[in-house]
There are 2 protein chains.
Amino acid sequence: MPPILTAQEMYIRQLTEEALGLLRQERTTDFEHFARDVHPYDLAQIYHELLPHDQNRFLHLLPIEQLADLTESTGNAEQVKIFGILGPERSIDVMQQMDEGDLARFLHELTPAKREELLSSMQVSSATSLRRLLSYPPESVGRLMSERFIAISAEDTPRAATEHIRRVASISDTISYLYVTDEEKKLVGVVSYHDLFFADETAAISDLMKKRVVTVTVTMDQEEAARLIQDYDFLALPVIDESQKLCGVITVDDILDIVVSEADEDVAKMGGGGKDIDFDTKAFVAVRRRLPWLILLLFIGLVSGSIVGYFEDTLQQIVALAFFMPMIAGMTGNTGTQSLAVVVRGLNGRKLTAPTVWKLIRRELVVGVSIGICCGIIITLIAYFWQGNWVLGGIIGISLLATLIIGTLTGTCIPLLLSRFKVDPAVASGPLITTLNDILSLFIYFGIASRFLGMLG
Amino acid sequence: MPPILTAQEMYIRQLTEEALGLLRQERTTDFEHFARDVHPYDLAQIYHELLPHDQNRFLHLLPIEQLADLTESTGNAEQVKIFGILGPERSIDVMQQMDEGDLARFLHELTPAKREELLSSMQVSSATSLRRLLSYPPESVGRLMSERFIAISAEDTPRAATEHIRRVASISDTISYLYVTDEEKKLVGVVSYHDLFFADETAAISDLMKKRVVTVTVTMDQEEAARLIQDYDFLALPVIDESQKLCGVITVDDILDIVVSEADEDVAKMGGGGKDIDFDTKAFVAVRRRLPWLILLLFIGLVSGSIVGYFEDTLQQIVALAFFMPMIAGMTGNTGTQSLAVVVRGLNGRKLTAPTVWKLIRRELVVGVSIGICCGIIITLIAYFWQGNWVLGGIIGISLLATLIIGTLTGTCIPLLLSRFKVDPAVASGPLITTLNDILSLFIYFGIASRFLGMLG
């Protein structure tokens, strides 16, 4: 396979050539124009394509605003490297231009001493608001929000509001709504840029604004906020504190990142343990993250073995029972994983009410029984034609029916119970459900078989 | 568990009471005001809370625009019901107000005859653009985009552009950017509302606009477009056709839906078969969707059984081999599923280059060998202390080492191969990988065991 470049990769390569040309010919003004014209994400891509020597020159010639944008688009390790190259003074300037949420995430990863050092070199106002952001719980809306919103008064005219916005515009360039607050800073309404833009000059903001505003609270879980933005198709949501005061905004692009990382977590959950492993993770890091899970599962797997050991006499008399062991254990695991997949996605950022839970359990029970009957009949026939023994066929069919019902319920109830008791449902990963179902299914299978042993002759 | 209402559910209940009060007192004007003030998503929620009789009244009193919004927020079955209640004439009015992408998705689900009937009752311009949307491939950007964008000319002044926008404003109320086209309708730049809003009156649009525009093509896969919006943090992307002409826009809210449904698909993939099953799916629909997969897996599972059958003599001599069978098969499945989870998320909307693929395979090989050595040593010791036989311990340890390496590689390579040959990687679901690994692991295990049978005495 020759390396295939996508259109996007070709575009980045072309931009990189252009940037290198300007850097090497020391056309600094042209380079600045170039940097202002290219999207921050592309700047980050170009930066990654460059050799270390060129990277340094690239960073030193970028205007502060573009440096801030570029730094926001890179990962934590790269950010540390960039600030190292820029030196303390320029780094502080860049940090003060960065999105507060992104900067808070960067600071969160540092040692407390290093974080304090950086915060104390910043302007007091920036440092205060960053300290506030960092005081919210890690997965809360407060950590994600930006405090750079525009609040206007309901008594303003569109013209006055426009003048106000023009004065403070630079702090809020990506925000699509204007929030209307009263004298106590409580949120009373919302106006879109679009509505303000086309407003009759004589109207008051109070006529233009929507009064029913969907809000999130600063301590709310990020996943819940993500679900609201998704359901309502908003571009941003206002964040209020416990006294109903407007204290920030979260935007759809932050939410998109949350939704993607939730999805990654769910898939990792289904895969069992592989959390935080991606294409770039080093082999030994991946081993360290996956091994503890596998060793736990190894020991649980031995429980299945000891069940087989317990029924050694039965097995020695009818070795044919061993032929159907992998199929029964496997099928129980499979149906459990299918149920788990439905529950894992369904739980996402949603609170379940009791009627929903019962409806779901009832449905999965019906599913388990129906699937059990179909598969049970099929395997009874197969076992009879293969082994020429109706009793053996019946034992295997009934065992499969029983284990498929149990498997479906395990895959449904375990994650529901864990989430009910606020245990991290990541514990109910696919492999764990599969391994538990292995144990249950072998116990049922050999239990039924040894009960009917006399009839097997 | 008493039913627990979330704040959101309480809010909807309160709105429903309010709506019911207005409906029953026949305060139609107040009801219209109420409907205009409530978010479309909440209107849909209220609608779902009402009894059928009230639902009809609710729909008949809603203004057309709110009806269109409500219909966009509901599923296909509900849409059919709503149009049934509204009657043909009002339905056509509502459809002409709906988002074209949403309407195209609704029409796509209908029979060709019914679709034609509806299209022929619409205004020619709407019908033409819907027919065009429906002509694009199902998963392409063309199906998702809206043709309601605003194009302005580079020679315009901000004032002229504003006037133009004001005239056509109603068609584009949710769009955040203005696209600049030349006389051939080719895209030459983009201006945000925000920039236009704060522009110097004497500037030309060509001074304000960004000339490097990230675009998507009309036939591009929706997942790829989703990745671009995610990477660049855009609110919308312009869509161009093969002759570079601007033909539509896709917005971040559509993309959010795509990202979520991709994630659902990935989890379903890991769970095997459970695609399109959620909390509201009827039991028998769920059975119909899950059963084919399980029956296939049942037959594949019997292959494992026939491997055990093939080694019947070996097993009869050393029944203790059966004790470790579930553990070996289970562990191979588990490590395969972990690798699969990494690949499934990594493949999402991304094209893999050859170096990435080889790097990944090499890493997973290292992971498999390391995990295999650790688990192999542990199980050798356990088997020795349990069965008091070093040879048996060695056989089980070496088998586990071999099967864990194979399991890791299967979980990595099968989805990669499928995606390389453009087979739907949903085929490489978790249960399939697990079942295949069952077969491989039993074959290796019994193969090694029967080789060393003589030494086991």
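This structure is a prediction, so every number in the text was calculated from the model and none was measured.

**Student:** Any chance you could break down the packing of helix α20 (residues 390-420) of chain A against helix α21 (residues 430-451) of chain A for me, citing the residues and the numbers?
**Tutor:** All names here are of chain A. Following both chains from N to C, one finds α20 and α21 inclined at 150°, their axes separated by 9 Å at the closest point. Judged by the angle between their axes, α20 and α21 are roughly antiparallel. With respect to the hand of their crossing, α20 and α21 are arranged in right-handed fashion. The residues of α21 that touch α20, namely those facing Ile395, Ile396, Ile398, Ser399, Ala402, Thr403, Ile406, Gly407, Thr410, Gly411, Ile414 and Pro415, are Ile433, Leu436, Asn437, Leu440, Ser441, Ile444, Tyr445, Ile448 and Ala449. Considered class by class, the residues forming the contact of α20 with α21 number 14 nonpolar, 7 polar and no charged.

**Student:** Account for the confidence of the model for chain A, with residues named and values stated.
**Tutor:** For chain A, per-residue confidence averages 83 on the pLDDT scale, and residues scoring 70 or more make up 93% of the total. Across chain A, element-level confidence peaks in strand β4 (residues 216-217) of chain A with a mean pLDDT of 91 and bottoms out in helix α22 (residues 453-456) of chain A with 72.

**Student:** Can you explain the packing of aromatic side chains? Please cite residues and give values.
**Tutor:** Residue and element names in this part refer to chain A. All chains considered together, the criterion is met by 30 aromatic pairs over all chains. When the ring of Tyr232 is compared with that of Phe234, the centres are 5.5 Å apart and the planes differ by 15°; the resulting orientation is stacked. Like Tyr232, the residue Phe234 is buried in the burial classification. Through successive ring pairs, a cluster of aromatic residues spans Tyr310, Phe311, Phe443, Tyr445 and Phe446.

**Student:** Outline the domain arrangement of chain A, listing residues and values.
**Tutor:** Parsing chain A into structural domains produces domain 1 (7-98), domain 2 (151-260) and domain 3 (283-456). The C-alpha centroid of domain 3 of chain A is placed 50 Å from the C-alpha centroid of domain 2 of chain A.

**Student:** Got a sec to walk through the nonpolar core? Specific residues and values, please.
**Tutor:** Generally speaking, a soluble globular protein has its nonpolar side chains buried in company with each other. Membership of the largest hydrophobic core comes to 148 residues, with the highest contact counts inside it found for Phe58 and Ile250 of chain A together with Phe58 and Ile250 of chain B. When neighbours within four sequence positions are excluded, Ile250 of chain A is seen to be in contact with Val141, Leu144, Met145, Val216, Ala225, Ile229, Leu235, Ala236, Leu237, Val239 and Ile255 of chain A. In terms of nonpolar packing, the next biggest core, distinct from the first, is built from 106 residues, Leu294, Phe311, Leu404 and Leu453 of chain A among them.

**Student:** An account of helix α4 (residues 52-61) of chain B is needed here, citing residue identities and associated values.
**Tutor:** Within α4 of chain B, the full set of buried residues consists of Asp54, Gln55, Phe58 and Leu59 of chain B. Mapping the buried residues of α4 of chain B onto a view down its axis gives an arc of 135°, with all of them on the same face.

**Student:** Which residues make up the sheet that holds strand β3 (residues 187-192) of chain A, and what are the values?
**Tutor:** Residue and element names in this part refer to chain A. Ordered in space as β1-β2-β3, the 3 strands form an open sheet in which the pairing is mixed. Each edge of the sheet is formed by a strand with only one pairing partner; in this case those strands are β1 (151-153) and β3. Each strand of the sheet is rotated relative to its neighbour by a mean of 40°, with strand direction disregarded. Sheet topology note: the β1/strand β2 (residues 177-181) ladder contains 3 bridges and is parallel.

**Student:** I'd like a description of the pattern of salt bridges, backed by residues and values.
**Tutor:** Inspection of the entire model under this criterion finds 28 salt bridges over all chains. In this structure, Arg212 of chain A engages Glu18 of chain B in a salt bridge whose closest nitrogen and oxygen atoms are separated by 3.0 Å. A residue pair is termed interchain when its members come from two chains, as with Arg212 of chain A in the loop between α13 (205-208) and β4 and Glu18 of chain B in helix α1 (residues 7-24). The exposure class assigned to Arg212 of chain A is partly exposed, which follows from its relative accessible area of 26%. Between Glu117 of chain B and Lys114 of chain B there is a salt bridge; the shortest N-O distance is 3.7 Å. Residue Glu117 of chain B and its partner Lys114 of chain B are located together in helix α8 (residues 112-121), separated by 3 residues, close to a single helical turn. With relative accessibility at 49%, the residue Glu117 of chain B sits in the partly exposed group. We classify Lys114 of chain B as partly exposed; its relative accessible area is 37%. Members of the salt-bridge network, linked through shared partners, are Arg24, Glu26, Asp54 and Arg57 of chain A.

About the criteria used
Residues numbered from 1 in each chain as written. Chains lettered and ligands numbered in written order. Predicted model: local features only at pLDDT ≥ 70, side-chain atom pairs only at ≥ 80, totals over all residues. Heavy atoms only, no water. Axes fitted to C-alpha atoms, helices over the stretch in contact; angles between N-to-C directions. Helix = DSSP H or I, 4+ residues; strand = E, 2+ residues; numbered from the N terminus. Parallel < 35°, antiparallel > 145°, perpendicular 65-115°, else oblique. Left-handed = near helix turned anticlockwise from the far one by under 90°. Contact = heavy atoms within 4.5 Å. Nonpolar A, V, L, I, M, F, W, Y, C, P; charged D, E, K, R; others polar. pLDDT = per-residue confidence, 0-100. Phe/Tyr/Trp six-rings, centres within 6.5 Å; stacked < 30°, edge-to-face > 60°. Buried < 20%, exposed > 50% of the residue type's maximum accessible area, 1.4 Å probe, protein only. Domains from an automatic or database assignment. Core = buried A, V, L, I, M, F, W, Y, C linked by side-chain atoms within 4.5 Å. Arc of directions from axis to C-beta. Pairing = 2+ DSSP bridges. Salt bridge = Lys/Arg side-chain N within 4 Å of Asp/Glu carboxyl O.

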